[in-house]
Amino acid sequence: MSSKLAELNAWVAHYADLTGADRVHWCDGSEEESARLVELMLGSGDLIALNPQTHPNCFLHRSSVSDVARVEHLTFVCTANRDDAGPNNHWMDPEQAKAKMAALYKGCMKGRTLYVVPYCMGPIDSPLARCGVEITDSPYVVANMRLMTRMGAAALARIEREGTFVKGVHSTGDLNPDRRFIMHFPEELGIQSFGSGYGGNALLGKKCHALRIASWQARQEGWLAEHMLILGVENPQGETHYIAAAFPSACGKTNLAMLIPPQGYREAGWKIWTVGDDICWMRPGADGRLYAINPEAGYFGVAPGTSAKTNPNALAMLTHDAIFTNVAVTADNQPWWEGLPDGTPVADWQGRAFDPANGPAAHPNSRFTVSARQCPSYTPMAEDPQGVPLSAIVFGGRRESLVPLVFEARDWTHGVLVGAGMASETTAAATGAVGVVRRDSMAMKPFAGYNFGDYFAHWLSFDKPGAKLPKIFHVNWFRKNAGGKFLWPGFGDNMRVLEWMIKRVKNEVPGHATAIGILPGEGELNRDGLNIDAADLQALLHVDTHAWRTEVGAIADYLEEFGERTPAALFEELDKTARQLV
Ligand code: PGA
Ligand code: MN
């Protein structure tokens, strides 16, 4: 055995001992292993088989009723120096956090199997990819990690070669919300999670590793780990531009990543390719451009609202080999959620007879887990070890008012300010109030593993001689009129906005310069086949000077929260905007 695996073995042995696990199982990622785990979970009730005719190899998992979303208030970044975690994170002293977790882990796996899950985030042979090992007592977590990461023997071989890996420990414990913590130790590349079996709290490769720990690693190593989808836009000439876009959870990243263009575009030969729907790791290549990989191998998407109208590609990939969490089921045992036009739920997400008096049939944060390869628009470029070159970066949020449909930042520094100042109405993806506007810089508020002030400075640092950086845009699909109706049709029609961005990238249209950035000029947004009122379109592209002055003030107050660590360049840039808002 190599010395590198000896370290891994010693770490596993320590936790096997501490947790009192009955058995230790090293996951190899094979079909046989997966089949055995499914059998086991069908027996224990962790999984329920869905209709094998309509949904072969699909299973339903019902989580504990109080364990249905990420828990930001119980998520900590434990750095030696509190300021390194920043006001954007909850902080706990690392030694105190470890003592707390060790007490919780003690004996917690008695009667259970400890699974060792080696995984790789990113194509297995990519220099941008990074490995980790998750210890967990949840076979549901193993099944999800198998879909969401490159899990098993190949990852273990890379770990043996490289030596470094992120060490994640997870136990569902007793699912008591009072004994639930998600701890991060970026300085030692460690994660410790207890008391939740749900999504980002428990699948440690996703938010914990690929965003919180990776953002820290990325800062040390000169790259970026971001909460972004990646898509390719192929034009009729066969040229593909890649775009990365950051939206907060449950704001449509999956739908945009899998967009099907409107009929006129399809007939002309336009196509959208999906690289990823949630996380993007990017770094400058030798030519100065930013190259991006999707570190994930699957999608953990929000089910409600997913339909043949909003996301036909997603619907198509969910007919086989998928895990559904907290959805409802129909009489013939098909998965069901709000937004599907057909089918009737008979059992709700808790397994009760469906009664609308109890609320929606599917939990608003119910999910599907599925391999990325099942998506009809998935591109083999997602497996390219070098990643794809980015032409544009997009920030966006859910804003009923104020923020126009699309605008382009003046330059990189302004783009960083636009990302830093973005805000969005909260959703069901995290526990807490829904619909409250909060600042969510780069959609990373819940995920940046270090002080936002330092993070903004790191973003700014990419603008250096020789860099050929992507253009930065901001979008808002969620504007409403006074009657509460959405002004923009969204979904496939978002293609029109993507096309305008590419025209800007290629310098084919001049745009219309305003105080907040460059908006589409008269006639620049393709409206062929678009059913939209001229007045609505005007409202979507209007910059309300008075309201924006208030917004600029609010952004300044927010940036002040990070004190000395906020780069002065952002305040100077904000002043530039303020001076033009007259
Ligand atoms: P999301 O993922 O926040 O990106 O929707 C949820 C989760 O990881 O639990
Ligand atoms: Mn996300």
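This one's a predicted model, so the numbers in the text were calculated from it and none came from an experiment.

1. Here we look at helix 1 (residues 3-19)
Item 1. Between its first and last C-alpha atoms helix 1 spans 24 Å; for 17 residues at 1.5 Å apiece the expected length is 24 Å, and the two agree.
Item 2. If you check which residues of helix 1 are buried, you get L5, L8, W11, V12, Y15, A16, L18 and T19.
Item 3. Following helix 1 by one or two positions, G20 adopts a phi angle in the positive range, close to 70°.

2. Comments concerning the site of ligand 1
Item 1. Around ligand 1, the neighbouring residues are R70, G199, G200, K206, K207, H227, S249, D278, F300 and R367.
Item 2. Between ligand 1 and G200 there is a distance of 2.7 Å, counted from an oxygen atom to a backbone nitrogen or oxygen.
Item 3. Here an oxygen atom of ligand 1 and a side-chain polar atom of K207 are 2.5 Å apart.
Item 4. Protein burial of ligand 1: of its 270 Å² of free accessible surface, 97% is covered by the chains.
Item 5. Those elements that provide at least two residues to the shell around ligand 1 are helix 7 (199-202) and helix 8 (205-221).
Item 6. Its residues assigned to classes, the shell around ligand 1 shows 1 nonpolar, 4 polar and 5 charged.

3. Some words on the coordination of the manganese ion (ligand 2)
Item 1. Protein-derived coordination of the manganese ion (ligand 2) comes from K207 (NZ), H227 (NE2) and D278 (OD), at a distance range of 2.1 Å.
Item 2. Read N to C, the donor residues that coordinate the manganese ion (ligand 2) are spaced as K-x19-H-x50-D. With H227 in the loop between strand 12 (224-226) and strand 13 (228-234) and D278 in the loop between strand 15 (271-276) and strand 16 (280-284), the pair connects residues that are 51 residues apart, well separated along the chain.
Item 3. Residue H227 is classed as buried on the basis of its relative accessible area, which comes to 0%.

4. Re the sheet that holds strand 22 (residues 345-347)
Item 1. If you walk across this open sheet you meet the 3 strands as 21-20-22, and the pairing is antiparallel. Of all strands in the sheet, those bounded by a partner on one side alone are strand 21 (335-336) and strand 22.
Item 2. For strand 20 (residues 328-330) and strand 21, the ladder comprises 2 bridges, and the chain directions are antiparallel. Residue pairing for strand 21: A328 is matched across the bridge by W336.

5. A short note on the packing of aromatic side chains
Item 1. Across all of its chains, the model carries 22 aromatic pairs by this definition.
Item 2. For the pair W11 and F165, a centre-to-centre distance of 6.1 Å together with 65° between the ring planes defines the contact as edge-to-face. Residue W11 is located in helix 1, and its partner F165 is located in the loop between helix 6 (153-162) and strand 9 (166-171); the two are separated by 154 residues in the primary sequence.
Item 3. Taken together, a centroid distance of 6.3 Å and an interplanar angle of 90° make the contact between F407 and W548 edge-to-face. Pair noted here: F407 is in strand 25 (residues 406-408) and W548 is in helix 16 (residues 545-560), with a separation of 141 residues, a long-range link.

6. Quick word on the sheet that holds strand 19 (residues 322-325)
Item 1. The mixed open sheet is built from 5 strands, whose spatial order is 2-3-19-23-18. Whereas interior strands pair on both sides, the edge strands pair on one side only; in this sheet they are strand 2 (48-49) and strand 18 (298-302).
Item 2. Against the sheet, helix 5 (residues 139-148) contacts strand 3 (59-61), strand 18, strand 19 and strand 23 (367-371), and its axis sits at roughly 115° relative to strand 18.

What counts and how
Residues numbered from 1 in each chain as written. Chains lettered and ligands numbered in written order. Predicted model: local features only at pLDDT ≥ 70, side-chain atom pairs only at ≥ 80, totals over all residues. Heavy atoms only, no water. Helix = DSSP H or I, 4+ residues; strand = E, 2+ residues; numbered from the N terminus. Expected span 1.5 Å × (residues − 1). Buried < 20%, exposed > 50% of the residue type's maximum accessible area, 1.4 Å probe, protein only. Near = heavy atom within 4 Å. Polar contact = N/O pair within 3.5 Å; in protein donor to acceptor, adjacent residues only side chain to side chain. Areas by Shrake-Rupley, 256 points an atom, 1.4 Å probe, with all protein chains shown as cover. Nonpolar A, V, L, I, M, F, W, Y, C, P; charged D, E, K, R; others polar. Donors = N, O, S within 2.8 Å, 3.2 Å for Na, K, Ca; no water. Pairing = 2+ DSSP bridges. Phe/Tyr/Trp six-rings, centres within 6.5 Å; stacked < 30°, edge-to-face > 60°. Contact = heavy atoms within 4.5 Å. Axes fitted to C-alpha atoms, helices over the stretch in contact; angles between N-to-C directions.

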